[in-house]
Amino acid sequence: MGTGLWRPNDAAGKGSLVGLLEVGTCSLVFDCGLGLVVCRELGSLGRFCYVRCWLVGSWMMVVWVSRYVCLVNTGSGVPLISSLELRPLNNSIYQISSGAISYKYSYDAGASTKKIVRYKDDVYDRVWFPYQFPDSVPIKLDIDTQAIDNLYKLPPEVLRTAAQAPNISTSLSYTFGSNSSKWFYVYFHFAEILNNREDQRREFTITLNGVKYGPFSLEYLKPLSIRPQRSPVQADISFTIDATMESDLPPILNAFEIYRVVPLPLSPTHPSDVNAIMSIKHTYNINRDDWLGDPCHPKAYSWNGLSCGITNTPRIIKLNLSSSKLTGEISPAVADLQAIESIDLSNNLLSGQVPEGLAQLLNLKVLNLSGNKLTGSIPRSLKDKSDTGSLVLSLAGNPDLCQMDSCHREEKKNFAVSVVALIVASVLILIFLSILLVFCIIRRGRRRESLIESTKNGSFKSKNRPFTYSQIIRITGNFTTVVGEGGFGKVYLGTLNDNTPVAVKLLSTSSNQGYKEFRAEVRELQLKLFLC
């Protein structure tokens, strides 16, 4: 039954309201919330009611708006909306540090007709009224301006017209009396639409409320948009555009705009609180109609069950989700509400243990978890706060939740028993391993001493069988397969009668090593075999 026009600028949620919200007949009155800006129905236009922010007949550009639009029933009927049109806006234009700017005037200078230019000719939904400077020369050329690179996207019809001073010594002058202490921004739009001679130069300055800016020069069909002042000007607006001494041509102006600065008195809820409450909403699938938009602002439309501390940045200080049919465990996000003073989650179906993190909430004074299905025991830190009187703790109606001090004593006793048992078991294992290691060392030492003694006495008895040379020939296949070669000679592959593979090392007559060394190596190998 109407059209809401709102523009988000980027992923962070910045945006602009452009145009008006038509809501059907005037018998249906409601509030329209754009982020933290509340627009109210102010009058009628034909058969439509219109909703505009701050000023009757004004156009609102909000430069900080969250990504939501709320239509609020104020008691005169359920609000309806048929469509929401979004106008993409380049972030590099109409920049201000904070707040919003409210459309005051957009003038098409030099327009010779009374035609008003607006959407769809203007993609940003601005409304351009014709304006003639006194004693100026209107210029209008039927040229193609569609291909002109115009950041502010002025409509082609606005770019094709301009007001030019009658001569080089005459100014283009304008005065606006606001009769108030309000603040304003002024935007100037120029485009050289006359194809002047190459030796002709158009250069000018802008004097706004007594402050001179410039000089500025123009090139053919290259638009120039200027907001000369860094800060807004206050009260009355007066400007003149004058040619410089170096200019060969009089000053011109294609269009100009005036915007009023609108301070936004409300700040959004602290981001960490927003993230926490949105996580809680998602965890428990809370689908309340009044849990939309900013949790704390506007105050008349803050979320039901929440109370906020209204400071420069609002914080959530009270959360009441009693009897809300919540299931599952207590969300860890509850402990992320760092400024919370009161939490009421009573009379739900919550299960699991009470989170230890709730005790870290320094401002928490009331915690009501009664009437749930919580289990385990109360965290000692929460119990201590309750015992000292700094926390009102309600836990009745949780039959499986141990609330007695004996639970903590039993936990400590069980923990102590577990620790003692673990220590005893560790000590026993270490003793056993130590005894085993000592036994192995002693046994290996005795074997080594026995073997060395047997070797010295010539009574060494090896489990290896002696072989005759003829047997060695048969075992190695007459020394056919060489598998290695060392300082004493070659090593051959052989096979015993039981198919056991063996390596046979044969002392070479040309070896540099002597017979004694060869025999010593054999004994060392036998010793290793014996110890293994």
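The rules behind these values
Residues numbered from 1 in each chain as written. Predicted model: local features only at pLDDT ≥ 70, side-chain atom pairs only at ≥ 80, totals over all residues. Heavy atoms only, no water. Phe/Tyr/Trp six-rings, centres within 6.5 Å; stacked < 30°, edge-to-face > 60°. Helix = DSSP H or I, 4+ residues; strand = E, 2+ residues; numbered from the N terminus. Buried < 20%, exposed > 50% of the residue type's maximum accessible area, 1.4 Å probe, protein only. Patch = residues over 30% accessible without salt bridge, like charges linked within 9 Å, V, L, I, M, F, W, Y side chains within 5 Å. Areas by Shrake-Rupley, 256 points an atom, 1.4 Å probe, with all protein chains shown as cover. Salt bridge = Lys/Arg side-chain N within 4 Å of Asp/Glu carboxyl O. Polar contact = N/O pair within 3.5 Å; in protein donor to acceptor, adjacent residues only side chain to side chain. Contact = heavy atoms within 4.5 Å. Arc of directions from axis to C-beta. Pairing = 2+ DSSP bridges. Axes fitted to C-alpha atoms, helices over the stretch in contact; angles between N-to-C directions.

Asker: I'm lost on the packing of aromatic side chains in this one. Help?
Answerer: For any pair of aromatic rings, geometry is given as the distance between the ring centres together with the angle between the planes. As enumerated under the stated definition, the model contains 24 aromatic pairs in all. With 5.2 Å between their ring centres and 80° between their planes, Y94 and Y152 make a pair best called edge-to-face. One end of the pair, Y94, is in the loop between β9 (83-85) and β10 (100-109); the other, Y152, is in the loop between β12 (137-140) and α1 (156-159), with 58 residues separating them in the sequence. Here Y94 matches Y152 in class, with each residue buried. Ring pairing ties together the aromatic residues Y105, Y107, Y131, F133, Y174, F176, F184, F188, F239 and F256, which thus form one cluster.

Asker: Is there a simple way to explain a nonpolar patch on the surface in this structure?
Answerer: Together, V419, V420, I423, V424, V427, L428, I431 and I435 make up an exposed nonpolar region whose accessible area comes to about 690 Å². Within the fold, I423 resides in helix α4 (residues 405-456).

Asker: For this particular structure, what's the right way to read the side chain of R126?
Answerer: Position of R126 among the secondary structure elements: in the loop between β10 and β11 (129-131). A distance of 2.7 Å separates a polar side-chain atom of R126 from the backbone oxygen of Y152. A polar contact of 3.0 Å, which involves the side chain of R126, links it to the backbone oxygen of K153. Beyond its immediate sequence surroundings of up to four residues, R126 is in contact with Y94, V117, R118, Y119, Y152, K153, L154, E257 and Y259.

Asker: Explain helix α5 (residues 469-476) here, please?
Answerer: An α-helix turns once every 3.6 residues. As a result, residues three or four positions apart point the same way. Among all positions in α5, only I472, I475 and T476 are buried. End-on, the buried residues of α5 take up no more than an arc of 85°, which puts them together on one face. In this fold, the buried residues of α5 make contact with β34 (490-495) and β35 (501-505). Phi turns positive one or two residues past the end of α5, at G477, with a value near 65°.

Asker: Looking at this model, I keep getting lost on the sheet that holds strand β23 (residues 306-309). Mind explaining?
Answerer: One open sheet accounts for five strands, arranged β23-β24-β26-β28-β31; its pairing is mixed. Of all the strands in the sheet, just β23 and β31 (392-394) have a single pairing partner and so form its edges. Between one strand and the next, the sheet's axes are offset by a mean angle of 15°, whatever the strand orientation. When β23 meets strand β24 (residues 315-320), the two strands line up antiparallel, connected through four bridges. In the strand pairing of β24, L306 is matched with L319. Contacts between helix α2 (residues 271-283) and the sheet are confined to β23 and β24, with β24 contributing the most and set at about 25° to the helix.

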